[in-house]
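Coordinate analysis (summary)
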Amino acid sequence: EQPSAPKPVAAPMRPLPWGQLNFLQTTDTHGWHAGHLQESQYSADWGDYISFAERMHQKADEIGADLLLVDTGDRVEGNGLYDASKPKGRYDYDIFKEQDIDIICTGNHELYQADAAAREYTQTVPNFKGKYLASNLDYIKPDTGERIPMAQRFRKFTTKNQGIRVLAFGFLFDFTGNANNTIVQPVGKTIEEKWFQDAIREDVDLFIVIGHVTLHGPEYKAIFKAIRSQKWDTPIQFFGGHSHIRDFAKYDSKAYGFQSGRYMETVGWMSIDGIKSKGKKGDLKELELRSDMSFQRRYIDNNLFGYRYHTGLNESTFPTGHGQNVSASIHKARKALNLDYFYGCAPKDLWMSRAPYPSDNSLYSWLEKEVLADVATNPKRKDKPRMVIFNTGGMRFDIFKGTFTRDSTYIVSPFVSTLKYIKDVPFKAASQMLPLLNNGGPIFESTELQPWQLAPPEQLAIHYDIIAPQLSIQDSFISGAAQAPLLSSSPDLVPGYTTKDDAGDDGDDTLHAPISFYKIPNCIQATASMAEKSDPETVDLVFIDFIQPWVLTALQFTGQTYNNSHVENYRPEIFTDLLAGWIKEHWRGDCRS
Ligand SMILES: Nc1ccn([C@@H]2O[C@H](COP(=O)(O)O)[C@@H](O)[C@H]2O)c(=O)n1
Ligand SMILES: [Zn+2]
Ligand SMILES: [Zn+2]
């Protein structure tokens, strides 16, 4: 029996602004297509999202507006629905493809592992034929070694109801950690290519640039500049991803960027009005005609309460047959993968960044104090003093007090990473690793990989300062929320996103009480088998494989001459399995009710 998610809670809502052209965006879903089973405000699944999109399409057709769906990558790695099968994604690709997405591109997580990149080429690209764009990504065919575009470079089309002539691109940021069956071409180089230069000279009403790219990074600045050098006035809508945040950016009065968070917590809504379309078909009903342009955004909390509110439908009128079938397939897949299999009981909430580090409720303090030294034990070297270093970005989600399942293991630690080590490293050098890795600075500039890649960018300072518990009620909420319960006082609000972006603080569709976030380091460390009174001469330097390039760079910085050939396997198991084993052994008891 599938445990049902807690029922969505009624909350004060802001309605969705409609325009001539509207978008729904998903990004960084990381396999969370069953929704969040432990958090009601994000509990809608991919089938519910399909029902929502179909209902919104019906409304768009009724009023003569257009609606396009966008996904900007990182669909894989991060949830049992993708990670628990062999091969990975055995059910997930078929579930995901049921959504009718108009423009879709690749994220870095589709490319870390060669088998995932191959599945992208053989499954997702054909599943979204004509819609999947790969402006700066090539695939190496395994049989011939031939280098070919992962998918078409751009797409030109005219919208159904408004006749807007669109040219769309699909980019990936300048990613260097991909497996060797793909080639990511830097954006700066791609925009000099003839096909791109020709494309930006096309006569269209709107450019849409989707990408697994952060809105404020150098890649979108370069693309914006390139398009504006040819088309000073054509509207441009960017869609971003990768940093896992809700975000909105203004590049100029006719160019904006939008990004819809992570993990199926958020479905993004973007509406554009005032596009001068040469192929104009019909007038819009129900909407005011505007001569100026407007770009409006909303971050939708992914739950049924919100979906019904935004469609004006109810429990029986909202779902579509297609959406219900997909939800049924998700339940079936979860069952086949045994994702609810009980591993143990988490004794308390363990937060990535909702609790200070170090502290009793910090996921990283728990790892550091209880787990790392224990799982990083090699029977042949168990008495050797050792230091174990782990990147905080390797932990992908919080642990909630109570039931911990097979699914939870992949949610927290989805990667196929293993522990590596360099034996007998001088203690003096090894003890400098953690400060060097956490301070970043000049040592990292000489490598291709940047220190911020150690942790997802949203873990960096700017988003992780403690947020003051303030909430202002916006005009748009007061005027538009006739159907929503009235906001009485902030303690009634469910804690959640309180987004501030380039357009202000009225972007969230649901009013929430703010949550405090705390800074965390790039890496944490545990030690084992150390003498109590004196420092050892040498230690085994154990680390998770993802940070190997940085560890070697940091070692060189201390004057050591280690290279890849000195790195050996410390344990054969993937870290996820070590963690699951630790939980089964230490979190016994039964909290299922
Ligand atoms: N084997 C891996 C792969 C990735 N990471 C972490 O994920 C971050 C990137 O994730 P996004 O969803 O933001 O693209 C990366 O910076 C690492 O922190 C990892 O730890 N191990
Ligand atoms: Zn991501
Ligand atoms: Zn990413």
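Residues numbered from 1 in each chain as written. Chains lettered and ligands numbered in written order. Predicted model: local features only at pLDDT ≥ 70, side-chain atom pairs only at ≥ 80, totals over all residues. Heavy atoms only, no water.

Within the structure shown, the criterion is met by two cavities of 30 Å³ or more. Around the second largest cavity, the lining residues are His 33, Arg 75, Val 76, Tyr 82, Asp 92, Tyr 93, Phe 96, Lys 97, Thr 124, Asn 127 and Phe 128. Listing elements by their share of the lining of the second largest cavity, those giving two or more residues are helix H3 (92-96) and helix H4 (114-127). Sorting elements by how many residues they give to the lining of the second largest cavity places H3 first, with three residues. Classifying every residue of the lining of the second largest cavity by side-chain character gives five nonpolar, three polar and three charged. (1 Å grid on protein atoms, 1.4 Å probe; cavity = no way out; pocket = protein on both sides within 12 Å on 5 of 7 lines; lining within 4 Å. Points joined across faces, edges and corners; volume = space filled by probe spheres on them. Helix = DSSP H or I, 4+ residues; strand = E, 2+ residues; numbered from the N terminus. Nonpolar A, V, L, I, M, F, W, Y, C, P; charged D, E, K, R; others polar.)

It is worth spelling out the coordination of the zinc ion (ligand 2) at this point. Taken together, Asp 28 (OD), His 30 (NE2), Asp 74 (OD) and His 244 (NE2) make up the full set of protein donors to the zinc ion (ligand 2), lying 2.1 to 2.2 Å away. Here the donor residues of the zinc ion (ligand 2) share one chain and are spaced in sequence as D-x1-H-x43-D-x169-H. In this structure, the zinc ion (ligand 2) lies 3.5 Å from the zinc ion (ligand 3), and both are coordinated by Asp 74. Note that His 30 is positioned in the loop between strand E1 (21-26) and helix H1 (46-63) and Asp 74 in the loop between strand E2 (66-71) and helix H2 (80-83), a separation of 44 residues in sequence. Across the pair, exposure class does not vary: His 30 and Asp 74 are buried alike. (Donors = N, O, S within 2.8 Å, 3.2 Å for Na, K, Ca; no water. Buried < 20%, exposed > 50% of the residue type's maximum accessible area, 1.4 Å probe, protein only.)

Working note: a packed helix pair is described by the angle between its axes plus the distance between those axes. Interaxial distance between H1 and helix H8 (residues 304-311) falls to 10 Å at its minimum, and their mutual angle equals 5°. With respect to H8, the element H1 is oriented roughly parallel. Side by side, H1 and H8 meet where Asp 48, Tyr 49, Phe 52, Arg 55 and Met 56 of the first sit next to Leu 304, Tyr 307, His 310 and Thr 311 of the second. Taken together, the residues of the contact of H1 with H8 sort by class into five nonpolar, two polar and two charged. (Axes fitted to C-alpha atoms, helices over the stretch in contact; angles between N-to-C directions. Parallel < 35°, antiparallel > 145°, perpendicular 65-115°, else oblique. Contact = heavy atoms within 4.5 Å.)

Moving on: the pattern of salt bridges. Under the defined criterion, the tally for this structure stands at 27 salt bridges. Several salt bridges share partner residues, and in doing so they unite Asp 71, Arg 75, Glu 110 and Glu 120 into one network. (Salt bridge = Lys/Arg side-chain N within 4 Å of Asp/Glu carboxyl O.)

So, on to the sheet that holds strand E18 (residues 418-426). Read from one edge of the open sheet, five strands run E19-E16-E20-E18-E21, paired in mixed fashion. This sheet does not close on itself; its edge strands, each paired only once, are strand E19 (523-528) and strand E21 (568-574). Strand after strand, the sheet turns through a mean of 20° between neighbouring axes, direction not considered. Strand direction decides the pairing type here: strand E16 (residues 386-391) and E19, joined by six bridges, are antiparallel. Within the sheet, the bridge partner assigned to Met 387 lies in E19 and is Thr 527. Of the strands in this sheet, E16, E18, E19 and E21 are in contact with helix H10 (residues 363-375), which crosses E19 at around 45°. (Pairing = 2+ DSSP bridges.)

Turning to the UniProt feature "domain: Calcineurin-like phosphoesterase" (unreviewed entry) in the chain, a few remarks are in order. In the UniProt entry, the feature "domain: Calcineurin-like phosphoesterase" (unreviewed entry) is given for residues 22-245. Secondary structure within residues 22-245 divides into 29% helix and 21% strand; the distance between the first and last C-alpha atoms comes to 21 Å. (UniProt positions renumbered as here; feature names shortened; annotations may be inferred.)

With that settled, the discussion passes to the domain arrangement of the chain. Domain annotation for the chain reports domain 1 (21-336) and domain 2 (342-461 + 518-586). The gap between the C-alpha centroids of domain 1 and domain 2 is 33 Å. At the interface, 27 residues of domain 1 touch 19 residues of domain 2. For the pair domain 1 and domain 2, the summed buried area comes to about 1900 Å², and 56% of that belongs to carbon and sulfur atoms. Applying the counting criterion to the domain 1 and domain 2 interface returns one salt bridge. Counting across the domain 1 and domain 2 interface gives six residue pairs in polar contact (both at pLDDT 80 or more). Sorting elements by how many residues they give to the side of domain 1 that touches domain 2 places H2 first, with three residues. Of the residues that constitute the side of domain 1 that touches domain 2, the class distribution is eight nonpolar, 12 polar and seven charged. (Domains from an automatic or database assignment. Buried area = accessible area lost by both parts, 1.4 Å probe. Polar contact = N/O pair within 3.5 Å; in protein donor to acceptor, adjacent residues only side chain to side chain.)

This part covers the sheet that holds strand E8 (residues 182-184). In spatial order, the strands read E5-E4-E8; together these three strands make up an open sheet with antiparallel pairing. With one partner strand each, in any of the chains shown, strand E5 (147-149) and E8 form the two edges of the open sheet. Between one strand axis and the next, the sheet turns by 30° as a mean value, whatever way the strands run. Bridge analysis of strand E4 (residues 137-140) against E5 gives three bridges, and the strand direction is antiparallel. Among the inter-strand pairings, Ile 140 is bridged to a residue of E5, identified as Arg 147. The strands that H4 touches are E4, E5 and E8; relative to E4, the one it contacts most, it runs at about 100°.

Let us look at the pairing of strand E7 (residues 165-172). Most of E7 sits inside the fold, with seven of its eight residues counted as buried. Bridge analysis of strand E6 (residues 154-158) against E7 gives five bridges, and the strand direction is antiparallel. Paired with Arg 155 across the strands is Ala 168, a residue of E7. Bridge analysis of E7 against strand E9 (residues 206-212) gives seven bridges, and the strand direction is parallel. Across the sheet, Leu 172 pairs through a bridge with His 212, a residue of E9.

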